Amino acid sequence: MPRKKLSRNAPCPCGSGKKYKHCCYGKSFDYEKDDDGTIFKSIPMSEEMVDLFEEQRQKFINKYGREPGSHDSIFFDMPHPEQVEHMTVQAMKEAGIAAAIIYAYEKTGRIVTDDNQHLLSEADLAEWDDAIEEYETKHRKTRKTPDYPIGTVAMYGPDDKTTTKIAAGVILHDGAEAIIKRWVATFCPFRTGKQGSNRKD
Ligand SMILES: [Zn+2]
C-alpha cells in the first residue's frame, strides 16, 4: 500500500499530545500514513543495518528454501525476547554500564545513546528520561555529608519574643571538637521570633 508523509499539523503519532510539527518533525525519521490511516515510522537504514538484514535474509533462505515474506520475522532465529533482554542486561553489567541505564533499558526495552536519540520520538525519549530519573530518585543518598565548617546558633529566652541567652557552636572539620560560646544578657533590647531554636547557618 502506498504511504504518504504525515501532515505537519496532525497530532504527533508518538503520543506526546503535541502537533507533529512541534514535536518529532525534523528528526532523522519520518512518520508515514497509508490509505487505511495506519501510521509507520520510517527510519533510514545505516549500511550496518542493510548488511545485517541481508545476512538474515540469507539465513532465512538457507533454512526455509524461500525468500522471507512480509509476515516472516527478520530475526527468525533469535532467542525469545525475554532471553535476549536477560543476555543484554548481563552483558551491560559486565561492561560496567551505569545501573541507571540498565534499569531504563529493562523498563523501556531500548537503549538511548547520543548516536540514536535523533531516531527516537519525543514520547520515547521522555519515557527513557523518566526511567533514569526514577532510578536516581530511588537510589539518591538521603544522608548528605555535611559541608564543614558547620555553625549553629541557639537562642533562648523567657518567652517566645525575647532572647536572653545565645549559644553559638562551630565545628571546623569532621571529628573536631565543637567550639562553643555562650552569651547571657540581663537586659535584652532585641527581640526575636524564635525561642530555643536551632538554626543552621
Ligand atoms: Zn512526537
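One can find the structure itself at the top, above this paragraph.
Residues numbered from 1 in each chain as written. Predicted model: local features only at pLDDT ≥ 70, side-chain atom pairs only at ≥ 80, totals over all residues. Heavy atoms only, no water.

A.B. asks: Explain the overall build of the protein to me, please; I cannot follow it from the model alone.
C.D. replies: The helix and strand tally for the protein stands at 4 helices and 7 strands. Tracing the protein from N to C terminus, the helices and strands come up as β-β-β-α-α-α-α-β-β-β-β. Classification of the 201 residues of the protein by burial places 22% in the buried group. In the protein, the proportion of contacts linking residues at least 24 apart, taken out of those at least 6 apart, comes to 40%. For the protein, the exposed surface amounts to about 14900 Å²; the carbon and sulfur share of it is 52%. (Helix = DSSP H or I, 4+ residues; strand = E, 2+ residues; numbered from the N terminus. Buried < 20%, exposed > 50% of the residue type's maximum accessible area, 1.4 Å probe, protein only. Contact = heavy atoms within 4.5 Å. Areas by Shrake-Rupley, 256 points an atom, 1.4 Å probe, with all protein chains shown as cover.)

A.B. asks: So what exactly am I meant to see when it comes to the sheet that holds strand β1 (residues 3-5) here?
C.D. replies: Ordered by their spatial adjacency, 3 strands build an open sheet running β1-β2-β3, and the pairing between neighbours is antiparallel. For this open sheet the edge positions go to β1 and β3 (39-42), each flanked by a neighbour on one side alone. Between one strand axis and the next, the sheet turns through 40° on average, direction left out of account. Looking at chain direction, β1 and strand β2 (residues 30-34) are connected through 3 bridges and run antiparallel. (Pairing = 2+ DSSP bridges. Axes fitted to C-alpha atoms, helices over the stretch in contact; angles between N-to-C directions.)

A.B. asks: Could you clarify how one ought to interpret the coordination of the zinc ion in this entry?
C.D. replies: Angles between donor atoms at a metal ideally measure 109.5 degrees for a four-coordinate tetrahedral arrangement and either 90 or 180 degrees for a six-coordinate octahedral one. Protein coordination at the zinc ion: the donors are Cys12 (SG), Cys14 (SG), Cys23 (SG) and Cys24 (SG), at 2.2 to 2.4 Å from the metal. Its 4 donor atoms give the zinc ion angles of 105 to 113° at the centre, a pattern that matches the tetrahedral case. We classify Cys12 as buried; its relative accessible area is 5%. Overall, the relative accessible area of 10% leaves Cys23 in the buried class. (Donors = N, O, S within 2.8 Å, 3.2 Å for Na, K, Ca; no water. Tetrahedral: all angles 85-135°; square planar, octahedral: opposite > 155°, others 65-115°.)

A.B. asks: So what exactly am I meant to see when it comes to the packing of helix α2 (residues 81-94) against helix α3 (residues 99-108) here?
C.D. replies: For any two helices packed against each other, the geometry is given by the interaxial angle and the distance between the axes. The N-to-C vectors of α2 and α3 enclose an angle of 175°; their axes lie 10 Å apart at closest approach. Compared by their axis directions, α2 and α3 come out roughly antiparallel. Along the contact surface, α2 presents Val84, Glu85, Thr88, Val89, Met92 and Lys93, while α3 presents Ile101, Ile102, Tyr105 and Glu106. Tallied by class, the residues present in the contact of α2 with α3 amount to 6 nonpolar, 1 polar and 3 charged. (Parallel < 35°, antiparallel > 145°, perpendicular 65-115°, else oblique. Nonpolar A, V, L, I, M, F, W, Y, C, P; charged D, E, K, R; others polar.)

A.B. asks: What should I look at first to understand the pairing of strand β4 (residues 150-156) in this one?
C.D. replies: For a regular strand, side-chain orientation follows a simple rule: the groups alternate between the two sheet faces. Counting buried positions along β4 yields 5 of 7 residues, so the element is predominantly enclosed. Bridge count between β4 and strand β5 (residues 165-171): 7 bridges; the pairing is antiparallel. Considered in β5, the bridge of Ile150 is made with Ile171.

A.B. asks: Would you explain helix α4 (residues 122-139) in this entry?
C.D. replies: Working note: α-helix, 3.6 residues per turn, so residues spaced by three or four point in the same direction. With 18 residues, α4 ought to run about 26 Å at 1.5 Å a step, and its terminal C-alpha atoms sit 26 Å apart, in line with that. Buried residues of α4: Asp124, Leu125, Trp128, Ala131, Ile132 and Tyr135, and no others. Each buried residue of α4 sits inside an arc of 125° when the element is viewed along its axis, so together they form one side. Turned more than 90 degrees from where α4 packs its buried face, Asp130 and Lys138 sit exposed. Lining the buried residues of α4 we find β3 and α3. (Expected span 1.5 Å × (residues − 1). Arc of directions from axis to C-beta.)

A.B. asks: Could you clarify how one ought to interpret the packing of aromatic side chains in this entry?
C.D. replies: Pairs of aromatic rings are described using the distance from one ring centre to the other and the angle between the two planes. All chains considered together, the criterion is met by 8 aromatic pairs. Measuring from centroid to centroid gives 6.1 Å for Phe53 and Phe75, while their planes differ by 40°, and the two rings are tilted. Of this pair, Phe53 sits in helix α1 (residues 47-64) while Phe75 sits in the loop between α1 and α2, and the two are 22 residues apart along the sequence. Where Phe60 meets Tyr64, the ring centres are 4.6 Å apart and the plane angle is 40°; that geometry is what we call tilted. Of the two residues, Phe60 and Tyr64 both sit in helix α1, 4 residues apart, roughly one turn of that helix. (Phe/Tyr/Trp six-rings, centres within 6.5 Å; stacked < 30°, edge-to-face > 60°.)

A.B. asks: Could you clarify how one ought to interpret a negative patch on the surface in this entry?
C.D. replies: Judged by side-chain charge, Asp129, Asp130, Glu133 and Glu136 come together as a negatively charged surface patch. In this fold, Asp130 is placed in helix α4. (Patch = residues over 30% accessible without salt bridge, like charges linked within 9 Å, V, L, I, M, F, W, Y side chains within 5 Å. Salt bridge = Lys/Arg side-chain N within 4 Å of Asp/Glu carboxyl O. Lys, Arg positive; Asp, Glu negative; His and termini not counted. Charge placed at Lys NZ, Arg CZ, Asp CG, Glu CD.)

A.B. asks: In this structure, what is going on with the pattern of salt bridges? I would like to understand it.
C.D. replies: Oppositely charged side chains may form a pair once their charged atoms are brought near each other. Considering all chains together, one arrives at 12 salt bridges under this definition. Of the charged contacts, one joins Arg3 and Glu32 as a salt bridge, the two residues approaching to 3.8 Å between their closest N and O atoms. On the criterion of sequence distance, the pair formed by Arg3 in strand β1 and Glu32 in strand β2 is long-range, its members being 29 residues apart. For Arg3, a relative accessible area of 43% corresponds to the partly exposed category.

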